[in-house]
Amino acid sequence: MMSIDTTCTVTGQKPPSAADLPSIQAAATGTPLMTAASPAKGAGRAGGHTHIWLVTGPAGCGKTSVAEHLANALNMPYIEGDSFHTPANVDKMRSGIPLTDADRWDWLTALREESMRQINEGRTGVVLTCSALKRKYRDVIRVAAYYDHHLLIHFIYLDASEELLLQRVTKRQGHYMGANMVHSQLDILERPSPNETDVITIDVSRSLGEVQQDALERVVDMMGSDHDNQ
Ligand SMILES: Nc1ncnc2c1ncn2[C@@H]1O[C@H](COP(=O)(O)OP(=O)(O)OP(=O)(O)O)[C@@H](O)[C@H]1O
Ligand SMILES: O=C(O)[C@H](O)[C@@H](O)[C@H](O)[C@H](O)CO
């Protein structure tokens, strides 16, 4: 198991700047976002903002699969939330005991701090996975914008039925989170409410390729409109 300070950078390359958006957009949709005749308005960072893209949802919804794809396509560092759980938390989950609020507070704060640390090092954005099952957990991450007014936080909620989650977790090999934990995740899940306007909901009942493509298009669209609004 990885330690609390382990951060997974998928590409190890530089994050994208505003100037990179056209090629990401082209890759995602086949439609260029900007042309040579409409150059980037913000220097370096898209729209002058930095971004945390938080991929959320219960165990087995596809957070890792989607986040890795986004991080690769956007050339952003990928922070795997599961790697930041303490050994005690992992032991609990492996034994089939759901985590409590108290087990999660320090973990959520560590994820927020690691995201901010990487952004403070000059990253345009990071892609983070975190179940973020309750509104108050999402609010812990939202506090990052209080510290940094240029930072935008976006949640990508991967929506799946219990049946689908069970299927996917059962099929998966060698993971501490067993199918016996799925119900407890849904028991406490607070699906994002309409007033959480920083959430994109994605139906993950489709193939992984379709889900990844949809997520990437939505992210690129949002970065594009943020850029255009500057
Ligand atoms: N859209 C999809 N279609 C089919 N299989 C999928 C899809 N998305 C993910 N999977 C598969 O489902 C399993 C769970 O996916 P993944 O590990 O990405 O979920 P997760 O949300 O990160 O899980 P956890 O929170 O438990 O770590 C994996 O075996 C993955 O390959
Ligand atoms: O909040 C939680 O209960 C945990 O984050 C879990 O969701 C697991 O870490 C994750 O699903 C790994 O399988």
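Cut-offs applied
Residues numbered from 1 in each chain as written. Chains lettered and ligands numbered in written order. Predicted model: local features only at pLDDT ≥ 70, side-chain atom pairs only at ≥ 80, totals over all residues. Heavy atoms only, no water. UniProt positions renumbered as here; feature names shortened; annotations may be inferred. Salt bridge = Lys/Arg side-chain N within 4 Å of Asp/Glu carboxyl O. Helix = DSSP H or I, 4+ residues; strand = E, 2+ residues; numbered from the N terminus. Buried < 20%, exposed > 50% of the residue type's maximum accessible area, 1.4 Å probe, protein only. Near = heavy atom within 4 Å. Polar contact = N/O pair within 3.5 Å; in protein donor to acceptor, adjacent residues only side chain to side chain. Nonpolar A, V, L, I, M, F, W, Y, C, P; charged D, E, K, R; others polar. Axes fitted to C-alpha atoms, helices over the stretch in contact; angles between N-to-C directions. Parallel < 35°, antiparallel > 145°, perpendicular 65-115°, else oblique. Left-handed = near helix turned anticlockwise from the far one by under 90°. Contact = heavy atoms within 4.5 Å.

As annotated in an unreviewed UniProt entry, the protein carries the name Gluconokinase and is attributed to Trichoderma cornu-damae. In its Pathway (unreviewed entry) section, UniProt records this for the protein: "Carbohydrate acid metabolism; D-gluconate degradation."

Moving on: the pattern of salt bridges. Within this structure, the stated rule accounts for 14 salt bridges. Where K134 meets D101, a salt bridge forms, and the shortest distance between an N and an O atom there is 2.8 Å. Remark: D101 occurs in helix α4 (residues 101-120) and K134 occurs in the loop between β3 (125-129) and α5 (135-142); sequence separation between them is 33 residues. When its relative accessible area of 13% is taken as the criterion, K134 is described as buried. Here D198 ties to R142 by a salt bridge, and the two come within 2.7 Å at their closest N and O atoms. Placement of D198 in the loop between α8 (182-188) and β5 (199-203) and of R142 in helix α5 is noted, with a sequence separation of 56 residues between them.

Further remarks concern the site of ligand 1. Near ligand 1, the surroundings consist of 17 residues, among which K63, T64, S65, R172 and R206 are the closest. Separating a nitrogen atom of ligand 1 from a side-chain N or O atom of R168 is a distance of 3.2 Å. Within the contact set of ligand 1, a nitrogen atom lies 3.3 Å away from a backbone nitrogen or oxygen of L208. Only α2 (63-74) and α9 (208-228) provide two or more residues apiece to the shell around ligand 1. For the shell around ligand 1, a count of residues per class yields six nonpolar, six polar and five charged.

Turning our attention to the packing of α2 against α9. Working note: a packed helix pair is described by the angle between its axes plus the distance between those axes. It is at 9 Å that the axes of α2 and α9 come closest, and there the two elements cross at 50°. Here α2 is positioned oblique relative to α9, judged by the angle of their axes. Of the two possible hands of crossing, α2 and α9 adopt the one that is right-handed. Contacts from S65, V66, H69, L70, A73 and L74 of α2 reach α9 at L208, V211, Q212, A215, L216, V219, V220 and M223. When its residues are assigned to classes, the contact of α2 with α9 shows eleven nonpolar, three polar and no charged.

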